[in-house]
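Structural description and commentary
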Amino acid sequence: MSSLLLTDPVGATRFRAYGPRQLDEIADRYGLPADIREAVRLVSLVLPFRVNEYVLSELIDWSDIPGDAMFQLVFPQRGMLAEGDERALAAVSADPGTRAGLRGVVARIRGGLNPHPSGQKELNVPLREGEKLPGLQHKYRETVLYFPSQGQTCHAYCTYCFRWAQFVGDAELRFAATGPEDLLDHLAAHPSISDVLVTGGDPMIMSTERLRRHLEPLLAVDTVRTIRIGTKSVAYWPQRYTTDADADDLLRLFDDIVASGRNLAVMAHFSHPRELVPDQARRALSRIRSTGAVVYCQAPLIARVNDDAAVLADLWRAELDAGAVPYYMFVERDTGPHDYFKVPLARAAELFQTAYRTLPGLARTVRGPVMSATPGKVVVDGTEEAFDGRWFRLRLLQAREPALVGRPFRARYDPAAAWLDDLRLDPATPADIARAIAGPARAVGESGATRTGQSLVADVVAQ
Ligand code: SF4
């Protein structure tokens, strides 16, 4: 791959983002065929599109377009939208006189892509005196998610991102906190919270100075024991930890967190083993680890990107090799271009187990396939044949209701099922689990459903 990174006088590469406006420049530089260029242009009217020099020149294999996994990861593609929607977009965008019409079509298509899966908006935003606290989500007893407003972009956007709605400029669809004041209030009122997960977007898009303003106040809260930072920066812009002007300051901030006695967990998002090949990425991981931070790795299983047992095994081995901990293989969520990327649960379990069996013991820290769904994190432990047919074996790894954690249950095997909603629970499922799986989210209108949670439980357990 060619290296076209911009360098400054001291040899450091400078960050430069590219969006839809620079599409022609990218297309000319890399010889993107006209039909692919047009597809990217159209789909990026609806879904976010952003790349940078490092991703373009170090990660994408331009000799294998459009099939290349990294190209699929960051470039919107034909097939991500329904055919009728794509035609409607093409028609209105071809007519410069219909700007209002274009906005309407884009808004309609986005609204149909389930922008807030798993009841995030309805169920997870905590209240103070009846008012929602912007920028926080509190789903599990011990963990709160914090979304700093300056961290709501990323160094590049993943086409499958379940938080895509954060990036399309619709204020209605954003979670963001301008400062940590509400978070600190919430922590004071909830001493059971031991973990703060700082997320976005990508918090590492912020300057170190800004990040410090968000994180340092947490070190005065005794009940907070672990600070987690969710980030894809090691994959998309490892220079954040190596040659950026404030990279050394960032490592000092990490040092300070660890010196305070807290665990610092960098929750690194790696989708494909190629992201761990460049020296920059390996150096970044080494520098992060030198502070005492622990790097945990996670990613969803995505058709066309990493749905191959050999690729997954390579990914988890490369993570271990870099001193990081393979942690989660998620199931792609039911949002955005889900039909394009989804891998059925049966296939996901098979891929996971095939890859897992080849791993050295220390890489078998990885868990999957895991659905981060309304009631909690549900792992598909595999399938089983019984006298009454074939079943999925499932378990709640994490749950809104702590009493459900670790409890196994079953659902009827279905080779096409791709999410929890597609499953039919065993009639013998304990009522508390069945209620949690049927979920209040449906009662509050997730995915436009109108039935009550209770009637759905009745459906589920009655079969
Ligand atoms: S880096 Fe994370 S938050 Fe950003 S687009 Fe990718 S998946 Fe979404």
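Naming follows an unreviewed UniProt entry, where the protein appears as Lysine 2,3-aminomutase of Streptomyces smaragdinus. What UniProt states about the protein under its Cofactor (unreviewed entry) heading is, verbatim, "pyridoxal 5'-phosphate".

1. Overview of the packing of helix 5 (residues 83-93) against helix 6 (residues 99-111)
Remark: helix 5 packs on helix 6, axes separated minimally by 9 Å, with the N-to-C direction vectors making an angle of 160°. Classed by the angle they form, the pair helix 5 and helix 6 counts as roughly antiparallel. Viewed along their axes, helix 5 and helix 6 form a crossing whose handedness is left-handed. Note on element contacts: helix 6 touches helix 5 through Gly-101, Leu-102, Val-105 and Ile-109, opposite Asp-85, Ala-88, Leu-89, Val-92 and Ser-93.

2. Things to note about helix 13 (residues 309-321)
A rise of 1.5 Å per residue sets the reference length of helix 13, with its 13 residues, at 18 Å; its end C-alpha atoms lie 18 Å apart and thus fit the reference within 8%. Residues Leu-312, Ala-313, Leu-315, Trp-316, Ala-318, Glu-319 and Leu-320 constitute the buried set of helix 13. If you follow the buried residues of helix 13, they end up packed against strand 10 (294-301), strand 11 (325-331) and helix 15 (345-357). Positive backbone phi, approximately 85°, marks Gly-323, located one or two places after helix 13.

3. Digging into unusual backbone geometry
In this chain, Ile-65 is followed by Pro-66 through a cis amide linkage whose omega measures 10°. Secondary-structure assignment places Pro-66 in the loop between helix 3 (53-59) and helix 4 (69-74). Across the junction of Gly-368 and Pro-369, the peptide omega takes the value -15°, indicating a cis bond. Within the secondary structure layout, Pro-369 lies in strand 12 (residues 367-372). In this structure, Asn-114 takes a positive phi of about 50° despite not being glycine. With respect to the secondary-structure elements, Asn-114 resides in the loop between helix 6 and helix 7 (120-123). Of the residues examined, Asn-114 has 18 C-beta atoms within 10 Å and is grouped as partly exposed.

Reading the values: the criteria
Residues numbered from 1 in each chain as written. Predicted model: local features only at pLDDT ≥ 70, side-chain atom pairs only at ≥ 80, totals over all residues. UniProt positions renumbered as here; feature names shortened; annotations may be inferred. Axes fitted to C-alpha atoms, helices over the stretch in contact; angles between N-to-C directions. Helix = DSSP H or I, 4+ residues; strand = E, 2+ residues; numbered from the N terminus. Parallel < 35°, antiparallel > 145°, perpendicular 65-115°, else oblique. Left-handed = near helix turned anticlockwise from the far one by under 90°. Contact = placed C-beta atoms within 7 Å. Expected span 1.5 Å × (residues − 1). Buried ≥ 20, exposed ≤ 12 C-beta atoms within 10 Å, placed from the backbone.

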